[in-house]
Amino acid sequence: MKILVTGGLGFIGSHTCVELLENGHEVVVVDNLNNSKKDVLDKIKKITGSDKIKLYVEDVKNIKALDNIFKENNIECVIHFAGYKAVGESVKNPIMYYENNIVSTINLLNVMKKYNVKKIIFSSTATVYGEPKSCPVSENFSTGNTTNPYATTKYMIERILDDLYKSDNEWSIAILRYFNPIGAHKSGLIGENPNGIPNNLMPYILKVAAGELPKLNIFGNDYNTHDGTGVRDYIHVVDLAKGHVKAIEKISSENGVKVYNLGTGIGYSVLDIVNTFIEKNKVELPYEITDRRPGDVDEVFSNPTKAKNELGWEAKLSIDDMCVDSWNFKKNNI
Ligand code: UD1
């Protein structure tokens, strides 16, 4: 199938392009390089040995450019990753977040409609659940009680897609709610490489282990968890990418709006991650317990059984793989 991947050179997008090519799909990437680098394209080609991938350096907000991509390529399905994703930045500049994430999606859906392409996979997040009432979190838990504009953009887009299907039952839509993606491709060629000081745990750990930052701040050890530090459902990005290939099979066989959690179902604490990282990689990782980060909750982990039952997908890689592969990527890219 010929698949348009928006944001295809980013962290999750690039790993998904690899899996798509390895499963015989053809890929067209549109990416404005806002949070990615052009050389990721060559790395994807190197890993897969395939050149069935084409890049347009364009912004999804540019509807003329999008129209042209659909005109030049016989796109059959879209995976929509492109979007801003920094929680703190979204609180400071909500208009920028609403404009970028919502306008680009509306443009994309308009152009898809024009070219009669009605299959889309949307990159959503577990943060649409807000502070979940209990764990594990299932897809039927309430959503929308979001705590920041970034999360609200994802929630709004889920609602838009829902309404779209109600208006036209020919659409076939999968909404994938990611838990905490970390890890990197085994080759060490692609991974997560944010500019500046990272917000998320694993990118921060990598900079400390590499000596680029002095120490990790562990945000609180008085949470109601087994060791007091926050518990999350970390998932290897390669497992996550494979979930998209399965979702394509699903939306190709039936119409509707399907929502799936992509997680492992296992919760690990910050200290579990830190200790595994030190032990498996034999590196030093200085850390200090500091105050809680506002907005953080005790624990969030998924119930992934719906994806297992309906997509035939489940996460296979362990927390050891996640720590080893993350560090392998970082060492290759210092
Ligand atoms: C965060 C975002 C979420 C986003 C997700 C992407 C918030 C409140 N939520 O989720 O919207 O979809 O990233 O993966 O920002 N931690 C430290 N020290 C650090 C960084 C993190 O102790 O320097 C702790 C946090 O307190 C938390 C855990 O590590 O317990 C994971 O944090 P993070 O990687 O930022 O993910 P989330 O907060 O789960």
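Just above sits the structure.
The notes below deal with the structure included here. Predicted model only: the values in this text are computed from it and were never measured.

1. Topic: the pairing of strand β3 (residues 53-56)
Okay, step 1: Judged from the four bridges that link them, strand β2 (residues 26-30) and β3 form a sheet pairing that is parallel. Among the inter-strand pairings, V28 is bridged to a residue of β3, identified as K54.
Okay, step 2: Traced from β2 through helix α2 (residues 40-48) to β3, the parallel crossover comes out right-handed.

2. Regarding the site of the ligand
Okay, step 1: The environment of the ligand is formed by 19 residues, the closest being N200, N217, R232, R293 and D296.
Okay, step 2: A distance of 3.0 Å separates an oxygen atom of the ligand from a polar atom in the side chain of N180.
Okay, step 3: Contact between the ligand and N217: a nitrogen atom at 2.7 Å from a main-chain N or O atom of the residue.
Okay, step 4: Its free accessible area being 730 Å², the ligand has 87% of it covered by the protein chains.
Okay, step 5: Where the shell around the ligand is concerned, the elements lending two or more residues are α7 (201-209) and β8 (216-219).
Okay, step 6: No other element matches β8, which puts four residues into the shell around the ligand.
Okay, step 7: Across the shell around the ligand, the residue classes tally to nine nonpolar, seven polar and three charged.

3. Considering the packing of aromatic side chains
Okay, step 1: Tallied over the entire structure, the rule returns three aromatic pairs.
Okay, step 2: Relative to Y97, the ring of Y84 has its centre 5.3 Å away and its plane inclined at 55 degrees; by these criteria the two rings are tilted. On the criterion of sequence distance, the pair formed by Y84 in the loop between β4 (77-80) and α4 (87-92) and Y97 in helix α5 (residues 94-114) is long-range, its members being 13 residues apart.
Okay, step 3: Residue classification places Y97 among the buried positions, given a relative accessible area of 0%.
Okay, step 4: Of note, K133 hangs over the ring of F141, and the distance from its end group to the ring centre comes to 3.6 Å.
Okay, step 5: A cation over an aromatic ring shows up here: R292 above the ring of Y223, its NZ or CZ 3.9 Å from the ring centre.

4. Some remarks on the sheet that holds strand β12 (residues 268-269)
Okay, step 1: In spatial order, the strands read β12-β9-β14; together these three strands make up an open sheet with mixed pairing. Looking at which strands have only one partner, the edges of the open sheet turn out to be β12 and β14 (299-300).
Okay, step 2: Pairing between strand β9 (residues 231-232) and β14: two bridges, direction parallel. The residue of β14 that forms the bridge with V231 is E299.

5. A closer look at the side chain of K250
Okay, step 1: Here K250 is to be found in helix α8 (residues 237-253).
Okay, step 2: The exposure class assigned to K250 is buried, which follows from its relative accessible area of 15%.
Okay, step 3: Dropping the residues within four chain positions of it, K250 is found in contact with K258, Y260, E310 and L311.

6. Quick look at the packing of α5 against helix α6 (residues 149-167)
Okay, step 1: As a packed pair, α5 and α6 sit with axes 9 Å apart at the nearest point and diverge in direction by 25 degrees. Taken together, the axis directions place α5 and α6 in an arrangement best described as roughly parallel. As for how α5 packs across α6, the hand of that crossing is right-handed. Of α6, the residues touching α5 (which contributes P94, Y97, Y98, N101, I102, T105, I106 and L109) are P149, Y150, T152, T153, M156, I157, I160, L161 and L164.
Okay, step 2: Class assignment of the residues belonging to the contact of α5 with α6 gives a composition of 13 nonpolar, four polar and no charged.

7. Notes on the sheet that holds strand β6 (residues 172-178)
Whenever strands of a sheet pair, they do so through backbone hydrogen bonds, lying parallel or antiparallel.
Okay, step 1: In spatial order, the strands read β3-β2-β1-β4-β5-β6-β11; together these seven strands make up an open sheet with parallel pairing. Each of the sheet's edge strands pairs with one partner strand only, and the pair in question is β3 and β11 (256-262). Within the sheet, the average angular offset between the axes of one strand and its neighbour, ignoring direction, is 20 degrees.
Okay, step 2: Where strand β1 (residues 2-6) meets β2, five bridges bridge the pair, whose relative direction is parallel. Among the inter-strand pairings, I3 is bridged to a residue of β2, identified as V27.
Okay, step 3: Sheet contacts for α6: β5 (119-125), β6 and β11; angle to β5, the most-contacted strand, approximately 150 degrees.

8. Notes on the nonpolar core
Okay, step 1: Core analysis: the biggest nonpolar cluster contains 37 residues, and L20, V27, I44, I53 and I121 have the highest contact counts within it.
Okay, step 2: The biggest single contributor to this core is α8, with seven residues.
Okay, step 3: In contact with L20, not counting residues within four places along its chain, are I3, V5, H25, V27, I79, V245 and I248.

9. Quick word on the pattern of salt bridges
Okay, step 1: By the definition in use, this model includes 22 salt bridges.
Okay, step 2: Between K43 and D39 there is a salt bridge, with its nearest N and O atoms 3.8 Å apart.
Okay, step 3: Taking relative accessible area as the criterion, D39 reaches 37% and is therefore assigned partly exposed.

Cut-offs and rules
- Residues numbered from 1 in each chain as written.
- Predicted model: local features only at pLDDT ≥ 70, side-chain atom pairs only at ≥ 80, totals over all residues.
- Heavy atoms only, no water.
- Pairing = 2+ DSSP bridges.
- Helix = DSSP H or I, 4+ residues; strand = E, 2+ residues; numbered from the N terminus.
- Right-handed = clockwise from strand over helix to strand, strands pointing away.
- Near = heavy atom within 4 Å.
- Polar contact = N/O pair within 3.5 Å; in protein donor to acceptor, adjacent residues only side chain to side chain.
- Areas by Shrake-Rupley, 256 points an atom, 1.4 Å probe, with all protein chains shown as cover.
- Nonpolar A, V, L, I, M, F, W, Y, C, P; charged D, E, K, R; others polar.
- Phe/Tyr/Trp six-rings, centres within 6.5 Å; stacked < 30°, edge-to-face > 60°.
- Buried < 20%, exposed > 50% of the residue type's maximum accessible area, 1.4 Å probe, protein only.
- Lys NZ or Arg CZ within 6 Å of the ring centre and 35° of its normal.
- Contact = heavy atoms within 4.5 Å.
- Axes fitted to C-alpha atoms, helices over the stretch in contact; angles between N-to-C directions.
- Parallel < 35°, antiparallel > 145°, perpendicular 65-115°, else oblique.
- Left-handed = near helix turned anticlockwise from the far one by under 90°.
- Core = buried A, V, L, I, M, F, W, Y, C linked by side-chain atoms within 4.5 Å.
- Salt bridge = Lys/Arg side-chain N within 4 Å of Asp/Glu carboxyl O.

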